[in-house]
Amino acid sequence: MAIPTQQKALRLTAAQSDFSVDTVPVVLPQDDEVLIRIEASTLSHMERFMQQAGYYITEYPSIVGLDAAGVVVALGKNVTGRAIGDRVLYVTNFTSPSAAHQQYAVMKAHLTAKVPASISFDQAATLPCNVLTAHNGLYTGPTPRIGRGGANLTPFWKPEGRGKYAGQPIVILGAAASVGQYAIQQVRISGFSPIIAVASLRNADLLKSLGATHVLDRSLSASDLISQAREITTKPIQVVYDAFSSAETQGLGYDILASGGALAITLPVALDEAKLKSDKSVYMVYGAPNQPEYEEIDAEFFNALPEYLSSGEIKPNAVEYLPGGLHAVSEGLKRLESFALNGKLAVHPLETA
Ligand SMILES: NC(=O)c1ccc[n+]([C@@H]2O[C@H](COP(=O)([O-])OP(=O)(O)OC[C@H]3O[C@@H](n4cnc5c(N)ncnc54)[C@H](OP(=O)(O)O)[C@@H]3O)[C@@H](O)[C@H]2O)c1
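Rules and cut-offs
- Residues numbered from 1 in each chain as written.
- Predicted model: local features only at pLDDT ≥ 70, side-chain atom pairs only at ≥ 80, totals over all residues.
- Heavy atoms only, no water.
- Helix = DSSP H or I, 4+ residues; strand = E, 2+ residues; numbered from the N terminus.
- Rg over C-alpha atoms; globule rule 2.2 N^0.38 Å.
- Buried < 20%, exposed > 50% of the residue type's maximum accessible area, 1.4 Å probe, protein only.
- Contact = heavy atoms within 4.5 Å.
- Areas by Shrake-Rupley, 256 points an atom, 1.4 Å probe, with all protein chains shown as cover.
- Lys, Arg positive; Asp, Glu negative; His and termini not counted.
- Charge placed at Lys NZ, Arg CZ, Asp CG, Glu CD.
- Domains from an automatic or database assignment.
- Buried area = accessible area lost by both parts, 1.4 Å probe.
- Polar contact = N/O pair within 3.5 Å; in protein donor to acceptor, adjacent residues only side chain to side chain.
- Nonpolar A, V, L, I, M, F, W, Y, C, P; charged D, E, K, R; others polar.
- Phe/Tyr/Trp six-rings, centres within 6.5 Å; stacked < 30°, edge-to-face > 60°.
- Pairing = 2+ DSSP bridges.
- UniProt positions renumbered as here; feature names shortened; annotations may be inferred.
- Near = heavy atom within 4 Å.

Within an unreviewed UniProt entry, the label attached to the protein reads Enoyl reductase (ER) domain-containing protein, and the organism entered is Cerrena zonata.

Here's what the structure looks like:
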């Protein structure tokens, strides 16, 4: 199929503007990049933050969108390991040419992951940022330069990583969020047990199918949740992953955590100064590979990811397709605001009228 010179893209044209669907040029790949025809992109909270507060936007107009999956249609001259026709997923590097909500995007080839035939493009597009957000909060160390970090566990996909933490307890808060579901699946491969998930109980069967050994009701008080966790395990809980990261869940995570342990959070710290001076470490996670500290490890993880998708050890989130192409994103984002989904919403940019 010929590559067009123009395409449709979803843009913010000024601070706090509405999203607009515009015609923009297709950018061709640099030497180490691939050009991807985007078959599906999913909606994320970051688009809301970009619109409301200009997060990660360096200039207007700016094409938005974090997560996409599609087909490689052109290669930069130095690209190895990717071929025209490959099915891939990727997360934006927060530039317009790599943004997800457009019909064609470029990305460094080694920061794409191949998508097995058993996974649909909609399913694949649920993964990029959130599977990395779970991964980086668990398996990367502190990154002082940008004030982010993670629990520094041995990655589950390294030969010595599978099952390494057998018999060690872990707690996942906001476990039914997209990020939480990807965290549960990765810590299961790492061997953690028990895996104590805190979520609405209507999600108990889903979370157990992903690897949670126990699901506690998130509507209980913090003291009840802590005592229930203590009934499940008397071992020190050295790692807590808080996918939701409100002030309440951060406080709960901090209190459940054992002395010397690590709490990974997905939003800025909302804990008292005193707590931040204790021997418990608190890390806000960075869920994209576009910082030097993350590029190599995230590329290695993306290289390993297809094997886990093929085997079913990592299952994509549930996904709902929204008709209407890029025009459906703006309304769809309003549904994210209530944090009531247990999966992702996908659009097909190529359908954009
Ligand atoms: N730092 C980063 O790089 C990074 C990257 C990606 C995402 N994030 C952030 O991570 C957070 C999660 O993102 P996501 O896409 O996974 O979210 P999501 O899937 O939209 O989250 C929805 C879930 O939130 C849960 N929830 C709602 N209210 C809650 C509460 N009061 N306490 C605990 N859980 C609650 C619900 O769980 P139940 O169904 O169990 O009620 C629901 O399943 C967002 O704030 C996002 O902005 C950060």
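Here we come to the overall build of the protein. When helices and strands are tallied, the protein shows ten helices and 16 strands. Taking 20 Å as the expected radius of gyration for a compact globule of 353 residues, we find that the protein reaches 20 Å, a close match to that expectation. Along the three orthogonal principal directions, the C-alpha set of the protein runs to about 60 × 45 × 40 Å. Taking all 353 residues of the protein together, 59% fall into the buried category. Taking the contacts inside the protein whose residues are at least 6 apart along the sequence as the reference set, 65% of them involve residues at least 24 apart. When the accessible surface of the protein is split by element, carbon and sulfur atoms take 52% of a total near 14100 Å². Each charge class in the protein can be summarised by its mean position, and for the 27 positive and 33 negative side chains these summaries are 3 Å apart.

Looking now at the domain arrangement of the protein. Here the protein is partitioned into domain 1 (6-127 + 316-351) and domain 2 (130-284). On a C-alpha basis, the centroid separation for the pair domain 1 and domain 2 is 28 Å. With eleven residues of domain 1 in contact, the opposing surface of domain 2 contributes eleven residues. Broken down residue by residue, the surface that domain 1 buries against domain 2 is led by L127, N317 and N342, which jointly contribute 55%. At the boundary of domain 1 with domain 2, the tally comes to ten residue pairs in polar contact (both at pLDDT 80 or more). Residue composition of the side of domain 1 that touches domain 2, by class: seven nonpolar, three polar and one charged.

Scanning all chains against the criterion turns up nine aromatic pairs. Aromatic side chains F49 and Y55 sit 5.6 Å apart centroid to centroid with 45° between the ring planes, which places their arrangement in the tilted category. Looking at F49, the relative accessible area reads 24%, which means it is partly exposed. The class of Y55 is partly exposed, set by a relative accessible area of 41%. Plain terms: the ring middles of F156 and Y308 are 5.0 Å apart, the flat faces sit at 80° to each other, and that makes the pair edge-to-face. In this pair, F156 is assigned in the loop between helix 3 (128-139) and strand 9 (170-173) and Y308 in helix 9 (residues 292-311), connecting sequence segments 152 residues apart. Summarising the burial analysis for this pair, F156 and Y308 share the class buried.

Now for the sheet that holds strand 4 (residues 62-63). The antiparallel open sheet is built from three strands, whose spatial order is 2-1-4. The sheet is open, and its two edges are formed by strand 2 (19-25) and strand 4, each paired on a single side. Summarising the sheet, strand 1 (residues 6-12) and strand 2 pair through seven bridges and their orientation is antiparallel. When the bridges of strand 2 are listed, L12 appears paired with F19.

Turning to the UniProt feature "domain: Enoyl reductase (ER)" (unreviewed entry) in the protein, a few remarks are in order. With numbering aligned to this structure, UniProt lists the feature "domain: Enoyl reductase (ER)" (unreviewed entry) at residues 15-347. The span residues 15-347 is 29% helix and 22% strand, and its two end C-alpha atoms sit 24 Å from each other.

Moving on, we come to the site of the ligand. Around the ligand, 26 residues are found, and the nearest of them are H45, S200, N203, R218 and N342. H45 has a polar side-chain atom sitting 2.8 Å from an oxygen atom of the ligand. Residue S178 places a main-chain N or O atom 2.9 Å away from an oxygen atom belonging to the ligand. Expressed as a share of its isolated accessible area of 930 Å², the protein-covered part of the ligand is 88%.

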